[in-house]
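Residues per chain are reported as follows:
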Amino acid sequence: MFAPLSAFETQAILLSLQVSLASLLLTVPCGVATGWVLARGRFPGKWLVEALVNLPLVLPPVVTGLALLIVFGARGPVGGFLRDAFGLTLAFSWIGAAVACGVMAFPLVVRPVRLAFEAVDRGLEQAASTLGASPLSVFLRITLPLALPGVLAGALLGFARAFGEFGATVTFAGSIPGETQTLPVAIYTSLQRASGETAALRLAGFSIVVSIGALVVTEWLNRHAQKGRSAG
């Protein structure tokens, strides 16, 4: 149980880290923008945007993966364009796995970011605007720093969700060793082999440690942000 990790296990862990970090590059910027719009925006159809953002939480992951395959697959409207114009194929590639993980993690990124923006004191922003700061400067120097704990919490939750994503990933990216066989997919694959139970347990243990670590740090960030608001 405590023997050194096998090449199969190491490959799955490293690939999961790669895919999860890549998914953050997609979800965090989009999550910050979406969280700000939902926190501050007043526009028709806002409820529909909120529903679409949270849809991956209630849809079966396999359905999300199927939708990605239809849209971003080689014969899909977006996937076909990317293939013909840029030679980029998302389906059944590690980039596709990152996209699937990012889509599934997106709601968990947006929620804490939105709450963080809603908690920012609007008076500070108005004071900065009165002193001549541009809207972009106010956002970068006032709003975003004050909301940073929420952004970090969202990024951590998104990373943990991406690290443990299975259904959408295996549907859209498949189970290709060294390419799309992330840790959850490797666990499932191990359980299909007669002698794979030990590897599955070790990989599951590693996944649990990562998830608990992300939740602990997220809770600390939330408490830190609450103390900061109370002190203010």
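Residue numbers restart at each chain and count upward from 1, following the sequence in its written direction. Where totals are concerned, whole chains, interfaces and linings use all residues; where local detail is concerned, this predicted model gives features only for residues with pLDDT of at least 70, and gives and counts side-chain atom pairs only at 80 or more. Derived side-chain values reflect all non-hydrogen atoms in the structure, with water molecules and hydrogen atoms excluded from consideration.

Draft legend 1. The arrangement of the overall build of the protein chain in detail. A count of helices and strands for the protein chain gives ten helices and zero strands. Secondary structure elements in the protein chain, listed N-terminal to C-terminal, are α-α-α-α-α-α-α-α-α-α. Each principal axis of the C-alpha atoms in the protein chain carries an extent, and together these give about 65 × 45 × 30 Å. Each residue is assigned to one of three classes by its accessible area relative to the maximum for its type, calculated with a 1.4 Å probe on protein chains only: buried under 20%, partly exposed between the two thresholds, exposed over 50%. Evaluated residue by residue, the protein chain yields a buried proportion of 41% over its 232 residues. Residue contacts follow a heavy-atom distance rule, with two residues in contact if any of their heavy atoms lie within 4.5 Å. A sequence separation of at least 24 residues applies to 73% of the contacts in the protein chain between residues at least 6 apart. Note on areas: these come from Shrake-Rupley sampling with a 1.4 Å probe, and a residue is covered only by the protein chains present in the view. Total accessible area on the protein chain stands at roughly 12,500 Å², and carbon and sulfur atoms take up 70% of it. Distance between charge centres in the protein chain, computed from 15 positive and 10 negative side chains, equals 6 Å. To qualify as a helix, a DSSP run of H or I must reach at least 4 residues; to qualify as a strand, a run of E must reach at least 2; elements of each kind are numbered from the N terminus. The positive count covers Lys and Arg only, the negative count covers Asp and Glu only, and His and the chain ends enter neither. By convention, charge coordinates are those of NZ in Lys, CZ in Arg, CG in Asp, or CD in Glu.

Draft legend 2. Focus on the packing of aromatic side chains. Aromatic contacts are taken between Phe, Tyr and Trp rings whose centres are within 6.5 Å, Trp giving its six-membered ring; a plane angle under 30 degrees counts as stacked, one over 60 as edge-to-face, and the others as tilted. Evaluated as defined, the whole model comprises six aromatic pairs. A ring pair is formed by Phe 117 and Phe 139, whose centres lie 5.9 Å apart and whose planes are at 40°; its orientation type is tilted. Remark: Phe 139 occurs in helix H7 (residues 135–163) and Phe 117 occurs in helix H5 (residues 94–119); sequence separation between them is 22 residues. Judged by its relative accessible area of 0%, Phe 117 is buried. Among the aromatic side chains, those forming a connected cluster through ring pairs are Trp 36, Phe 117 and Phe 139. One residue, Arg 193, lies across the ring of Phe 8, its end atom 5.0 Å from the ring centre. Our definition puts a charge over a ring when NZ of Lys or CZ of Arg is within 6 Å of the ring centre and also within 35 degrees of the ring normal.

Draft legend 3. Quick peek at unusual backbone geometry. Unusually for a residue other than glycine, Phe 92 sits at a positive phi of about 60°. Turning to its location among the elements, Phe 92 is positioned in the loop between helix H4 (77–86) and H5.

Draft legend 4. Main features of the environment of Leu 148. Counting through the fold element by element, Leu 148 comes out in helix H7. Residue Leu 148 is classed as partly exposed on the basis of its relative accessible area of 40%.

Draft legend 5. Spatial organisation of the state of the cysteines. What counts as a disulfide here is a pair of cysteine sulfur atoms lying within 2.5 Å. In this structure the tally under the stated criterion is zero disulfides. There is no disulfide at Cys 30, and the cysteine sulfur nearest it, in Cys 101, is 15 Å away. A relative accessible area of 1% means that Cys 101 is categorised as buried.

Draft legend 6. Main features of the confidence of the model for the protein chain. For the protein chain, the average pLDDT comes to 90, and 95% of its residues sit at 70 or higher. By mean pLDDT, helix H10 (residues 197–231) is the weakest element of the protein chain at 82, and helix H3 (residues 61–72) is the strongest at 95. pLDDT is a per-residue confidence score from the predictor, ranging from 0 to 100.

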